[in-house]
Amino acid sequence: MDVDAVDFNVGARLKQVREAHGLSQRQLAQRAGVTNGTISLIEQNRCSPSVSSLRKVLQGIPMTLAEFFSSDDLPPREQIFFKGGELIELTGLVKSRVGSISFRQVGDLRGRNLQVLHEKYAPGADTGGRTMLQHDSEEGGVVIKGRIELTVGDRKEILGPGDAYLFDSRIPHRFRNLGEEECEIISACTPPYL
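As the structure is a computational prediction, the values presented were derived from the model and not from experiment.

Draft legend 1. Broad picture of a nonpolar patch on the surface. Residues V142, I144 and I186 make up a contiguous nonpolar surface patch of about 230 Å² in total accessible area. Looking at where I186 falls in the secondary structure, it is placed in strand β9 (residues 183-190). The exposure class of I186 is partly exposed, given its relative accessible area of 38%.

Structural data, given as structure tokens:
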């Protein structure tokens with residue numbers, strides 16, 4: 001578990017970003033297509049949004065998840081090699097229904113068309129919940145450790161170490177760790193989604 005990610009305050013950050021853009025909770029809610037109660041609960045840290053829910057809220061600003069979770073000390077754009085500690089935590093360990101999910105990005109994406117992620121899914125973690133992910137990209141990845149259930153449209157498969165996937169992200173999809181050990185995936189997405 002990344003200790004720095006646990007310390008990330010999603011609610012305070014959302015309030016800071018919303019106020020910096022001169023938006024009330026009600027205005028952001030209307031622009032994002034959610035209730036202003038949802039914005040209020042997130043800002044008070046009384047609910048932990050799924051990745052897709054937070055992304056939907058941020059589209060009302062507009063802002064990407066990468067921008068939301070990044071800080072001023074991003075690696076320089078021309079950086080080629082990255083140490084483990086230099087990967088950018090995008091999700092701040094946003095809780096799914098049961099387990100946490102961590103997306104760590106390689107580098108700063110400004111001016112980039114490819115997003116590479118080191119993903120970790122705790123037992124029970126689920127990106128879907130009530131709404132499956134769907135975005136204008138293509139993505140692929142390789143499972144490094146553990147098992148993940150991947151649903152793409154009406155197709156479902158459990159993938160283990162060494163197994164891989166590649167699909168059109170416009171098709172609704174969901175990642176779910178049904179196992180009892182953490183699952184790790186190295187993935188790529190183009191254009192970047194988070």
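Draft legend 2. A look at the pairing of strand β6 (residues 155-159). Of the pairings in the sheet, the one linking strand β5 (residues 148-152) to β6 comprises five bridges and is antiparallel in character. Within the sheet, the bridge partner assigned to I148 lies in β6 and is L159. With antiparallel pairing between neighbouring strands as the criterion, β5 and β6 make up a hairpin whose turn holds two residues, including G153 at a positive phi of roughly 60°.

Draft legend 3. Local environment of the environment of E149. Note on placement: E149 falls in strand β5. Note on E149: relative accessible area 7%, which makes it buried. Spatially, the C-alpha atoms of E149 and N177 are 6.1 Å apart, while their sequence positions differ by 28 residues. Each residue touching E149, except ones within four places of it in the same chain, is listed here: K156, E157, I158, R174, F175, R176 and L178.

Draft legend 4. The sheet that holds β5, seen in detail. With antiparallel pairing, three strands are arranged side by side in an open sheet as β6-β5-β8. With one partner strand each, in any of the chains shown, β6 and β8 (173-176) form the two edges of the open sheet. Ignoring which end each strand starts from, the neighbouring axes of this sheet average 15° apart.

Draft legend 5. Representation of the sheet that holds β9 in the model. With respect to topology, six strands assemble into an open sheet ordered β1-β2-β3-β9-β4-β7, the strand pairing being antiparallel. Edge positions in the sheet fall to β1 (88-89) and β7 (164-168), since each has one partner strand and no second. Pairing of strand β3 (residues 115-121) with β9, which is carried by seven bridges, proceeds in the antiparallel orientation. For Y121, the partnering residue across the bridge sits in β9 and is C183.

Analysis parameters
- Residues numbered from 1 in each chain as written.
- Predicted model: local features only at pLDDT ≥ 70, side-chain atom pairs only at ≥ 80, totals over all residues.
- Heavy atoms only, no water.
- Patch = residues over 30% accessible without salt bridge, like charges linked within 9 Å, V, L, I, M, F, W, Y side chains within 5 Å.
- Areas by Shrake-Rupley, 256 points an atom, 1.4 Å probe, with all protein chains shown as cover.
- Salt bridge = Lys/Arg side-chain N within 4 Å of Asp/Glu carboxyl O.
- Helix = DSSP H or I, 4+ residues; strand = E, 2+ residues; numbered from the N terminus.
- Buried < 20%, exposed > 50% of the residue type's maximum accessible area, 1.4 Å probe, protein only.
- Pairing = 2+ DSSP bridges.
- Contact = heavy atoms within 4.5 Å.
- Axes fitted to C-alpha atoms, helices over the stretch in contact; angles between N-to-C directions.

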